[in-house]
Amino acid sequence: MLAAQSACHFGSEGRVVASRRGASARALGLALLASTLAACGGGGGGGEAAGGSSPGSGAEPPGGSVPEPLASPTDVVLAAGHGEATVSWSPVPDARGYHIYYAQDAGLTPDDYAARDGVWLQDVSSPHTVTGLAFGETYYFIVTAFAGERESVPSKTAAVTLAGRIANTATRALNDTGADPCADQTDCPEPDVAGQDAESGRDAAARAGTLVKSGGGAVGFDFTKISRAGVPLPADASLGPELSDWACTLDHVTGLLWEVRPDEPAGLRHRGHRYSWFAPDTAANGGNAGTENGGACVGSTCNTHAYAAVVNAETLCGFDDWRLPTAAELTSLVHHGRAAPAIDVDYFPDADVPAGDDALYWTATPSAADSAKAWAVDFATGELVSAHKSYPARVRLVRAGE
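Note that the structure is predicted; figures quoted are calculated from it, not measured.

**Some details on the overall build of the protein**
Each helix and strand counted, the protein has four helices and 17 strands in total. When the 402 residues of the protein are sorted by exposure, 43% land in the buried category. In the protein, the proportion of contacts linking residues at least 24 apart, taken out of those at least 6 apart, comes to 61%.

Below you can see the structure in the form of structure tokens.
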């Protein structure tokens, strides 16, 4: 009769992987491995190295058989957000939880994540969102499964690159007028009336289908929606309070970034708030500072200067140099091909004011003829008008690097 025998097998993955983050955990894993080898006849010189097998005495190791190793997490998927990334993966049988390791180093491992300026997130579940990441940077992630002191080998490395913030600079270029039809409201050209505005420029190229745009917009205008965090958004993005929501519009022709105001009556930037014109800088106010608190608003003193200061403190769309636009800058948004409002409402819906209400927006340009007045744009008609600085008008801030 053959003697009863038992054998221990150690394949390439057949090992107990202890937590790698402390000497005590490492010692525990080594002790468990040593006791297993001894029980299987591997403690002496005649035993085989890990990866082979050797006959044992038939006795079970203390505490029973060695636990099966955990499989590595698979199907690790990363989804980029605004300064964050969401990590998801497939479940691992017998796992009690998962660890995430990430860094900006592609060679990241669980043993050296700290040396690579990485981060170890313990006991998380799928999906998990990692916040506080840098815009425009690439991050590498690995995931392990654990059960007690057992930890799997890491998943394959997954990488994600976050969208970067914009950095707009004024181009000094001019928008076209938006006046697309010819004088008799028919298609151009009109043989009997030559040299019409609609027959040339960006608007004509857009009508012909030859204008290349970076974003979208009516006729020759070229706009892109920008999030509160300063990241480009798709054309169907909506206004909202989150960092990933639309809050500004970039004009690719002029290079100017414009504030777009939400419909939030209790909020600082509500589109219906009004402000008197005020500029304490004598070099910019035309000899008259204006009215310090002549509007109706929430969150700031109701004048143009105070409002811009509060918006800058909040770093709207990632910037703190917002200001009142000049008359030339604000009129660049006028869409002369439409009225009430005379602006592209797909990218500036806040100018679509209620019936019977005016759509007067302040500029930073004081009137040279009357120091008590400044210029404003009426977006109901598209006209540039002179108004008394005490008048409570609306505001749309602008910014651009030079």
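**Some points on the state of the cysteines**
If you walk through the whole model with that rule in mind, you get two disulfides. Sulfur-sulfur distance for the disulfide between cysteine 248 and cysteine 317 comes to 2.1 Å. Taking the sign of the torsion about the S-S bond as the criterion, the disulfide between cysteine 248 and cysteine 317, at about 105 degrees, is right-handed. Residue cysteine 248 is located in strand E12 (residues 246–251), and its partner cysteine 317 is located in the loop between helix H3 (304–313) and helix H4 (327–331); the two are separated by 69 residues in the primary sequence. In terms of burial, cysteine 248 and cysteine 317 fall into one category: buried.

**What to know about the packing of aromatic side chains**
This model, assessed by the stated rule, comprises eleven aromatic pairs. One aromatic cluster in this structure is built from Phe221, Phe223, Tyr347 and Phe348. The lysine or arginine in question, lysine 225, covers the ring of tryptophan 246, its NZ or CZ lying 4.0 Å from the ring centre. The side chain of lysine 225 reaches across the aromatic face of tyrosine 347, ending 5.9 Å from its centre.

**Remarks on the sheet that holds strand E14 (residues 360–366)**
Taken together, three strands build an open sheet; the order of strands is E14-E15-E16 and the sheet is antiparallel. Whereas interior strands pair on both sides, the edge strands pair on one side only; in this sheet they are E14 and strand E16 (383–388). Going from strand to strand, the sheet's axes swing by 40 degrees on average, the running direction of each strand aside. Here strand E15 (residues 373–378) pairs with E16 via six bridges, running antiparallel. Along E16, the bridge assignment pairs tryptophan 375 with serine 386.

**A few points about the sheet that holds strand E7 (residues 128–130)**
Pairing in this open sheet of three strands is antiparallel, and the strands run E3-E4-E7 from one edge to the other. Both outer strands of the open sheet, strand E3 (77–80) and E7, are each paired with one neighbouring strand and no more. Averaged over neighbouring strand pairs, the angle between their axes works out to 25 degrees when direction is ignored. Pairing analysis gives four bridges linking E3 to strand E4 (residues 85–88), with the strands arranged antiparallel. Looking at E4, one finds that leucine 78 is bridged to valine 87.

**Concerning the environment of glutamate 84**
Turning to its location among the elements, glutamate 84 is positioned in the loop between E3 and E4. Assessed through its relative accessible area of 30%, glutamate 84 is described here as partly exposed. On a C-alpha basis, the gap between glutamate 84 and leucine 133 in space is 5.4 Å, while along the polypeptide they are 49 residues apart. For glutamate 84, the residues in contact, after removing those within four places along its chain, are Ala79, Thr129, Val130, Thr131, Leu133 and Leu162.

**Points about the pattern of salt bridges**
Evaluated as defined, the whole model comprises ten salt bridges. Its salt-bridge partner being arginine 116, residue aspartate 112 comes within 2.7 Å of it at the nearest N-O pair. Salt bridges sharing partners connect three or more residues here, namely Arg274, Asp357, Asp358 and Arg394.

**Things to note about the nonpolar core**
Among soluble globular proteins, nonpolar side chains are generally buried collectively. In terms of nonpolar packing, the biggest core is built from 28 residues, with Cys248, Leu257, Cys317, Trp322, Trp362 and Leu397 touching the most fellow members. Elements with a contribution of two residues or more to this core: E12, H3, E14 and E15. With near-sequence residues (within four places) excluded, leucine 257 lies in contact with Ile166, Asn168, Ile226, Cys248, Thr249, Leu250, Cys317, Phe319, Trp322, Leu397, Val398 and Arg399. In this structure, Phe223, Leu330, Tyr361 and Val377 belong to the second largest nonpolar core, which totals 24 residues.

Basis of the calculations
- Residues numbered from 1 in each chain as written.
- Predicted model: local features only at pLDDT ≥ 70, side-chain atom pairs only at ≥ 80, totals over all residues.
- Heavy atoms only, no water.
- Helix = DSSP H or I, 4+ residues; strand = E, 2+ residues; numbered from the N terminus.
- Buried < 20%, exposed > 50% of the residue type's maximum accessible area, 1.4 Å probe, protein only.
- Contact = heavy atoms within 4.5 Å.
- Disulfide = S-S within 2.5 Å.
- Phe/Tyr/Trp six-rings, centres within 6.5 Å; stacked < 30°, edge-to-face > 60°.
- Lys NZ or Arg CZ within 6 Å of the ring centre and 35° of its normal.
- Pairing = 2+ DSSP bridges.
- Axes fitted to C-alpha atoms, helices over the stretch in contact; angles between N-to-C directions.
- Salt bridge = Lys/Arg side-chain N within 4 Å of Asp/Glu carboxyl O.
- Core = buried A, V, L, I, M, F, W, Y, C linked by side-chain atoms within 4.5 Å.

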